[in-house]
Amino acid sequence: WMEAELARPLDPAQVAQAASSPELAAEMCLASLLVADETSFMERAYLDELARQLRLPSGLKAELEAQALVS
């Protein structure tokens, strides 16, 4: 079961449902940015959809992406 769950693609809508506050949404987005490979089309699409599902303002999304680049 665990291997199947780890191999299953993440659903950004499901992940976003766990964000109980705007602060947690920003932290979830930043954590995803830090571990994702932005050069991968699929991972970039996931990150964009996650930010949309989290309803992050575009300015905040850009700021989080800049923070991830520095880290």
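### Some points on the overall build of the protein
On a plain count of helices and strands, the protein comes out with five helices and zero strands. Listing each helix as α and each strand as β along the protein from the N terminus yields α-α-α-α-α. Expected size for 71 residues packed as a compact globule is a radius of gyration near 11 Å; at 12 Å, the protein falls within 12% of this value. Referenced to the eigenvectors of the C-alpha coordinate spread, the extents of the protein come out at roughly 40 × 30 × 20 Å. At a minimum sequence separation of 6, the contacts of the protein that also span at least 24 residues come to 55%. When the accessible surface of the protein is split by element, carbon and sulfur atoms take 60% of a total near 5,100 Å². If the 5 positive side-chain charges of the protein are averaged to one point and the 12 negative ones to another, these points end up 7 Å apart.

### Observations regarding a nonpolar patch on the surface
A cluster of nonpolar side chains, namely Trp-1, Met-2 and Leu-6, defines an oily patch on the protein surface of about 480 Å² accessible area. Mapped onto the elements, Met-2 comes out in helix H1 (residues 2-7). A relative accessible area of 57% places Met-2 in the exposed class.

### Here we look at the packing of helix H3 (residues 22-35) against helix H4 (residues 41-53)
Viewed as axis vectors pointing N to C, H3 and H4 meet at an angle of 175 degrees, and their least axial separation amounts to 10 Å. With respect to H4, the axis of H3 lies roughly antiparallel. Residues Met-28, Cys-29, Ser-32, Leu-33 and Val-35 of H3 pack against Glu-43, Tyr-46, Leu-47 and Leu-50 of H4.

The rules behind each value
Residues numbered from 1 in each chain as written. Predicted model: local features only at pLDDT ≥ 70, side-chain atom pairs only at ≥ 80, totals over all residues. Heavy atoms only, no water. Helix = DSSP H or I, 4+ residues; strand = E, 2+ residues; numbered from the N terminus. Rg over C-alpha atoms; globule rule 2.2 N^0.38 Å. Contact = heavy atoms within 4.5 Å. Areas by Shrake-Rupley, 256 points an atom, 1.4 Å probe, with all protein chains shown as cover. Lys, Arg positive; Asp, Glu negative; His and termini not counted. Charge placed at Lys NZ, Arg CZ, Asp CG, Glu CD. Patch = residues over 30% accessible without salt bridge, like charges linked within 9 Å, V, L, I, M, F, W, Y side chains within 5 Å. Salt bridge = Lys/Arg side-chain N within 4 Å of Asp/Glu carboxyl O. Buried < 20%, exposed > 50% of the residue type's maximum accessible area, 1.4 Å probe, protein only. Axes fitted to C-alpha atoms, helices over the stretch in contact; angles between N-to-C directions. Parallel < 35°, antiparallel > 145°, perpendicular 65-115°, else oblique.

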